[in-house]
Amino acid sequence: MFMSIRSHMLLATGAVAAMLAFAPAHAQETVKIGLILPMTGGQASTGKQIDNAVKLYMQQNGDTVAGKKIEVILKDDAAVPDNTKRLAQELIVNDKVSFIAGFGVTPAALAAAPLATQAKVPEIVMAAGTSIITERSPYIVRTSFTLAQSSTIIGDWAAKNGIKKVATLTSDYAPGNDALNFFKQNFTAGGGEIVEEVKVPLQNPDFAPFLQRMKDSKPDAVFVFVPAGQGGNFMKQYAERGLDKSGIKVIGPGDVMDDDLLNGMGDAALGTVTAHLYSAAHPSAANKEFVAAYKKAFGSRPGFMAVGGYDGIRLIYEALKKTGGKTDGDALIAAMKGMKWESPRGPISIDPETRDIVQNIYIRKVEKVDGELYNVEFATFEAVKDSGKTKK
């Protein structure tokens, strides 16, 4: 009996030892990416676009890099920061991911930042757009945008193009505050006047009562920032309140005219001028291929969130190629700094000092092309850095 138990124990110990010996080798073969996105709730269109774009890139480029198999683990945080933090912790501790990526809104990206620092795991921000994000951890790299990049440019454009009085409507959270502050700074410096300033709740906003205030203040234009996914609802209520008929233009960063929702906005959106990083109508060969492939795979048009995801997964692939498949966080971040390539949006690079994206910003006008609404670009500002970044 004793011998039997002892031999079982030895066998069991041997089995555990064998598993432990096998585990590191197995872990070495697979590189896991934790993709944390809002797949449900008000920001669901953001999550869907980024998830689609990551899938498309992997279909086109395979799921092996530098001899390592890539495995994406998708988690839905519904854009709730407490969920983001919990999911990031589970992915890092339990799933042993080498990257955390996604982050549909700024509070989510900030919630994960301390965990990225502690674990030395790169955090690839594919959506959230507040300037401060990359300053919250040396392991954060962004492939989306900052609100400063587009809001300063639309502020300058408005002041130079006959818009004297503007009412502002922005979502009441960090990106909305960035959008408002950078627009206001440049618009008023150019001689413009802000006649009404309204902040709306981030979650489930009803724009109608605020729009009445906008109308009563008789501006030349309404400057709007709402996150991706809310633009359709805003434009519906803008038309219902008759602002389109009263000659009040809509201007802003391009979030409000998101490509995946634009066709549903109707003719009220025609003539809207925005400054942004991407349009599905961007005339490059790379973008035409991207739009065609995305439409074929998912039956819809890609928007700027899709491009943030597409470039984010590409950045991960290219960094792994540079490190020869090694997943040391410091080596991966070093590999990403200064990286540049031709994106569907145009030429982009990662600023080696700030780890933030440098990209073209385009002024676009909503026009009908072949019976569909598109953001048609008519001016380009090249290699725009984030003017909101504080040099440390």
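Our structure is the block above this text.
The structure displayed is predicted, hence computed values, not measured ones.

1. Some words on helix α10 (residues 285-298)
Then step 1. For α10, with 14 residues, the first-to-last C-alpha span of 20 Å sits near the 20 Å given by 1.5 Å per residue.
Then step 2. Those residues of α10 not exposed but buried are N287, F290, V291 and Y294. Down the axis of α10, the buried set is contained in an arc of 95°. They therefore lie on one face. Looking at α10, the residues exposed on the side facing more than 90 degrees away from the buried face are A285, K288, E289 and K296.
Then step 3. Elements that come into contact with the buried residues of α10 comprise α2 (44-61) and α11 (304-323).
Then step 4. Phi turns positive, to about 70°, at G299, one or two residues after α10.

2. Overview of the environment of Q149
Then step 1. Relative to the assigned elements, Q149 resides in helix α5 (residues 147-160).
Then step 2. Accessibility expressed as a relative area gives 1% for Q149, which makes it buried.
Then step 3. Once the C-alpha coordinates of Q149 and V200 are considered, the two residues, 51 residues apart in sequence, prove to be 22 Å apart.
Then step 4. Filtering out sequence-adjacent residues up to four positions away, Q149 remains in contact with I357, V358, Q359, I361, V384, K385 and D386.
Then step 5. Side-chain polar atoms of Q149 contact the backbone nitrogen of T146, separated by 3.0 Å.
Then step 6. Reaching out from Q149, the side chain makes a polar contact with the backbone oxygen of V384 at a distance of 3.0 Å.

3. Looking at the pattern of salt bridges
Then step 1. Tallied over the entire structure, the rule returns 16 salt bridges.
Then step 2. Taking the shortest distance from any N to any O, the salt bridge between E196 and R213 comes out at 2.9 Å. On the criterion of sequence distance, the pair formed by E196 in strand β8 (residues 193-200) and R213 in helix α7 (residues 208-216) is long-range, its members being 17 residues apart.
Then step 3. Taking the relative accessible area as the measure of exposure, E196 reaches 18% and is therefore buried.
Then step 4. Residue R213 is classed as partly exposed on the basis of its relative accessible area, which comes to 40%.

4. Things to note about the packing of helix α3 (residues 81-93) against helix α4 (residues 106-119)
Then step 1. Interhelical geometry of α3 versus α4 gives an angle of 25° and a closest axis separation of 8 Å. The orientation of α3 with respect to α4, classified from their angle, is roughly parallel. Seen from above, α3 lies across α4 with right-handed handedness. Residues P81, T84, K85, A88, Q89 and I92 of α3 pack against P107, A108, A111, A112, L115 and A119 of α4.
Then step 2. Tallied by class, the residues present in the contact of α3 with α4 amount to nine nonpolar, two polar and one charged.

Conventions we followed
The residue count restarts for each chain, going from 1 along the sequence in the order it is written. This being a predicted model, a pLDDT of at least 70 is required before a residue's local features are given, and a value of 80 or more before pairs of side-chain atoms are given or counted; all residues contribute to the totals for chains, interfaces and linings. The side-chain numbers reported here are obtained from all heavy atoms of the structure, hydrogens and water having been left aside. Helical segments are the DSSP runs of H or I of at least four residues, strand segments are the runs of E of at least two, and each set is numbered from the N terminus. Expected helix span is given by 1.5 Å per residue-to-residue step, counting one fewer step than there are residues. A simple rule labels every residue: compare its accessible area, found with a 1.4 Å probe on the protein chains alone, to the largest value its type can have, and call it buried under 20%, exposed over 50%, or partly exposed in between. The directions from the helix axis to the C-beta atoms are what the arc is built from. Any two residues whose heavy atoms approach within 4.5 Å are treated as being in contact. Identification of polar contacts relies on pairs of N or O atoms within 3.5 Å, with a donor-acceptor requirement for protein atoms, meaning one able to donate a hydrogen and the other able to accept it, and with residues adjacent in sequence counted only if both atoms are side-chain atoms. Any carboxyl oxygen of Asp or Glu that lies within 4 Å of a side-chain nitrogen of Lys or Arg is treated as forming a salt bridge with it. Axis definition: a line fitted to C-alpha atoms, over the contacting stretch in the case of helices. Angles run 0 to 180 degrees between N-to-C directions. The cut-offs work like this: below 35 degrees is roughly parallel, past 145 is roughly antiparallel, 65 to 115 is roughly perpendicular, and the gaps in between are oblique. Rotating anticlockwise by less than a right angle from the far helix to the near helix defines a left-handed crossing, while the corresponding clockwise rotation defines a right-handed one. Three categories are distinguished: nonpolar for Ala, Val, Leu, Ile, Met, Phe, Trp, Tyr, Cys and Pro, charged for Asp, Glu, Lys and Arg, and polar for the others, with Gly belonging to the last.

Remember that the coordinates give geometry; whether it matters functionally is a separate question.
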